[in-house]
Each structure stands twice: as C-alpha cells, then as structure tokens.
Amino acid sequence: MQYFNTEVTLISNGAVYAQVILTVRSTCSLDFSAYPNDIQSCLLTMFTPLPMSRLRFSRWTSLTRKSSIFGSLMDEKRIIRSGEFEVTNLSATPLFILRFGKITVNESADQPDLMRSIIRFEIKFRRVGYYYLMTVALPLFCLATATYIVGTVASDSNSIVWLMLCLVVQIMNYTQMLNRLPPNQHSIPLCAKMATLIMLETSALILYRAVTTFCHNCSTEKAEILKYWSTSKVEKALRILLLFHTGVNGILLFY
C-alpha cells in the first residue's frame, strides 16, 4: 500500500479500514468456439496470506454509494465497451480459505486464525454484433452476391474478366478476415469456411466460362449446338443454384 492510493479509516472500536485503489493487468483464458456470438468470462482472485484475525476483505467502502462492494458492480446507466466487446456484468464475491486449502462461501468465526479472506471478481462480456456484421458478414455477402450475378452473364468473355476480378477481391477480403478472426482458434469459424467455399465456386465458374468460350470458338457448327446447350437447361439450373446459394449465405451470415 502506498500513501497516494490508500485511504485509512480508524473506527472507534479499534478496527482499521484500509481502502486501496489498484490498477490490475491480468491474463484471461477465452473460448472462441461460439464466435461471433461468444460470451466470455474472466475471473480475478485476490487473497492475503494473513489470517482473518489480522486482515480480511470488508464489505464497507466510503468511495462508492453502495453499502457493500460485493454483488453486482455494474451501473445500469453505464455501458462499458472495449474494442469488439461489451461488458455485461461485473461482480465481486467474498470467499474464505479453510484448513487444507478448502474454499467456502460461508464465514465461520470459530477459528479466525486458521482462515484467510478472499475476494473474487468476475467480468462477463460479449462480442458486439454490429462489428462482425459490418466488417465480416456484410462484405462477404456482397462479394458473393456480386460474383453470382457476374456468373450468370450471358457473354462468356466478359463474364471471365469480371469473375477473375471478383476472385482477386475475394482473396483480399479473405486475408483481412483472417486478421480479424480471434487468435488460437481451435475450429475454423463458419465465415471463413464460407469464404473458402465462395472462392472455390468462383474458380469453378471461371473454369466453366473458359470451357464454354473455347467450345464456342472451336467451329461454327459446334458453336451453334453448344450455344443452345449453354443457354438453355444448364444456364437456367446455374441461375437457380446461385440464387438459392445467395439466400443460404444471407441466412448463415446474418442469423
């Protein structure tokens, strides 16, 4: 304790209350398996090596308007945000260490010399949804939709150029997406899987348009047959498939 961050109060019964203002930086193990709807929880435990007969964490505080520092510490009118996350709850719980290291929430004054006081803080926070929607979901959906529209263009030569341009933009967006994804990801997020699938589909569309363009330029007789074939059932099925895929992408990314 230092003089500039400690407030000491002496009570008439001889008890001494020391209130210390601390800034603590600690590590926290996070679970990103539910990304982007993940809810995280971090625990911070403070304890003292001195027995309860000499030192204990008290509920009393003069710096806050609350009668107790335990329980929920969140102000309903105040929203705490940090980066992509928003704090949903901040609470403090008093605990006690008994003999042989057993921890309990029940205070027993029978043997205060054998007990130690603990205070455990818990911070719960969740990822802000609009950040994911604006930086990951919306760009991916727009790129996929633009690619599918270009893929249904009747002119094969123009379609190839635009599809290649879409593929380049998809690769750039995929690289930026990987930088935004949480570290130490044990499983690949759905958005990354969808981005990979869309790039494979774009490559398949480029190959399909290249084959049809080559066949159209082979000979006049074959070109007429292939032109009719490519603009009839196959093209119709392709449009239906891409339209269905666009709807599925919207459901998976935004719901």
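Residues numbered from 1 in each chain as written. Predicted model: local features only at pLDDT ≥ 70, side-chain atom pairs only at ≥ 80, totals over all residues. Heavy atoms only, no water.

Turning our attention to the nonpolar core. Ranked by size, the top nonpolar core spans 25 residues in total, and within it Y132, L140, M177, C191 and L253 carry the most contacts. Mapped onto this core, the elements with two or more residues apiece are α1 (129-151), α2 (156-180), α3 (190-216) and α5 (233-254). With 9 residues, α3 is the single largest residue contributor to this core. Residues within four places of Y132 in sequence aside, it is in contact with Y35, P36, A137, C191 and L253. (Core = buried A, V, L, I, M, F, W, Y, C linked by side-chain atoms within 4.5 Å. Buried < 20%, exposed > 50% of the residue type's maximum accessible area, 1.4 Å probe, protein only. Helix = DSSP H or I, 4+ residues; strand = E, 2+ residues; numbered from the N terminus. Contact = heavy atoms within 4.5 Å.)

What follows is about the pattern of salt bridges. A full pass over the atoms with the stated rule returns 4 salt bridges. One salt bridge connects D38 with R127, and the closest N-O pair in it is separated by 2.9 Å. In this pair, D38 is assigned in the loop between β2 (16-20) and β3 (39-47) and R127 in strand β8 (residues 116-127), connecting sequence segments 89 residues apart. In this structure R127 comes out as buried when scored by relative accessible area, which is 8%. Between R81 and E86 there is a salt bridge, and its shortest N-O distance comes to 3.0 Å. Relative accessible area serves as the criterion here: at 48%, R81 is assigned to the partly exposed category. (Salt bridge = Lys/Arg side-chain N within 4 Å of Asp/Glu carboxyl O.)

In this model, α1 (23 residues) spans 31 Å end to end at C-alpha, consistent with the 33 Å of a helix rising 1.5 Å per residue. For α1, the principal kink sits at A137 and spans about 35 degrees; a proline, P139, occurs within the next four residues. All of the buried residues in α1 are Y132, T135, V136, A137, L140, L143, A144, T147, Y148, V150 and G151. (Expected span 1.5 Å × (residues − 1). Bend = angle between axes of the 7 residues up to and from the residue.)

Relative orientation and spacing of two packed helices are given, respectively, by the angle between their axes and the distance between those axes. Direction vectors running N to C along α3 and α5 enclose 165 degrees, while the axes themselves pass 12 Å from each other. When the axis of α3 is compared with that of α5, the two are roughly antiparallel. Judged by the sense of rotation from one axis to the other, the crossing of α3 with α5 is left-handed. In this structure, α3 uses L190, C191, M194, L197, I198, E201, L205, Y208 and R209 to contact α5, whose residues at the interface are V234, E235, L238, H245, N249, L252 and L253. (Axes fitted to C-alpha atoms, helices over the stretch in contact; angles between N-to-C directions. Parallel < 35°, antiparallel > 145°, perpendicular 65-115°, else oblique. Left-handed = near helix turned anticlockwise from the far one by under 90°.)

What follows is about the packing of aromatic side chains. What the rule picks out here adds up to 3 aromatic pairs. Here Y35 and Y132 contribute two aromatic rings whose centre-to-centre distance is 5.9 Å and whose plane-to-plane angle is 85 degrees, an arrangement assigned as edge-to-face. Taken together, the residues Y35 in the loop between β2 and β3 and Y132 in helix α1 connect sequence positions 97 residues apart. Here the two residues Y35 and Y132 agree in accessibility, since each one is buried. Centroid distance F141 to F254: 5.5 Å. Interplanar angle 80 degrees. Geometry classified as edge-to-face. Remark: F254 occurs in helix α5 and F141 occurs in helix α1; sequence separation between them is 113 residues. (Phe/Tyr/Trp six-rings, centres within 6.5 Å; stacked < 30°, edge-to-face > 60°.)

The next subject is the packing of α1 against α5. Close contact between α1 and α5 brings their axes to 10 Å; oriented N to C, the two are set at 175 degrees. With respect to α5, the element α1 is oriented roughly antiparallel. Here Y132, L133, A137, L138, L140, F141, A144, T145, Y148 and G151 of α1 come into contact with α5, specifically with L238, L242, H245, T246, N249, G250, L253 and F254. Of the residues belonging to the contact of α1 with α5, the class tally is 12 nonpolar, 6 polar and no charged. (Nonpolar A, V, L, I, M, F, W, Y, C, P; charged D, E, K, R; others polar.)

What follows covers the UniProt feature "transmembrane region" (unreviewed entry) in the protein. With numbering aligned to this structure, UniProt lists the feature "transmembrane region" (unreviewed entry) at residues 130-154 and 160-178. Secondary structure across residues 160-178 divides into 100% helix and 0% strand, with the first and last C-alpha atoms of the span separated by 27 Å. (UniProt positions renumbered as here; feature names shortened; annotations may be inferred.)

All right, on to a nonpolar patch on the surface then. A surface patch of nonpolar side chains, about 850 Å² in accessible area, is lined by Y130, Y131, L133, M134, L138, I251, F254 and Y255. Of all elements in the fold, only α1 and α5 reach the threshold of two or more residues within the nonpolar patch. Sort the elements by how many residues they give to the nonpolar patch and α1 lands first, with 5 residues. Checked against the element boundaries, M134 lands in helix α1. (Patch = residues over 30% accessible without salt bridge, like charges linked within 9 Å, V, L, I, M, F, W, Y side chains within 5 Å. Areas by Shrake-Rupley, 256 points an atom, 1.4 Å probe, with all protein chains shown as cover.)

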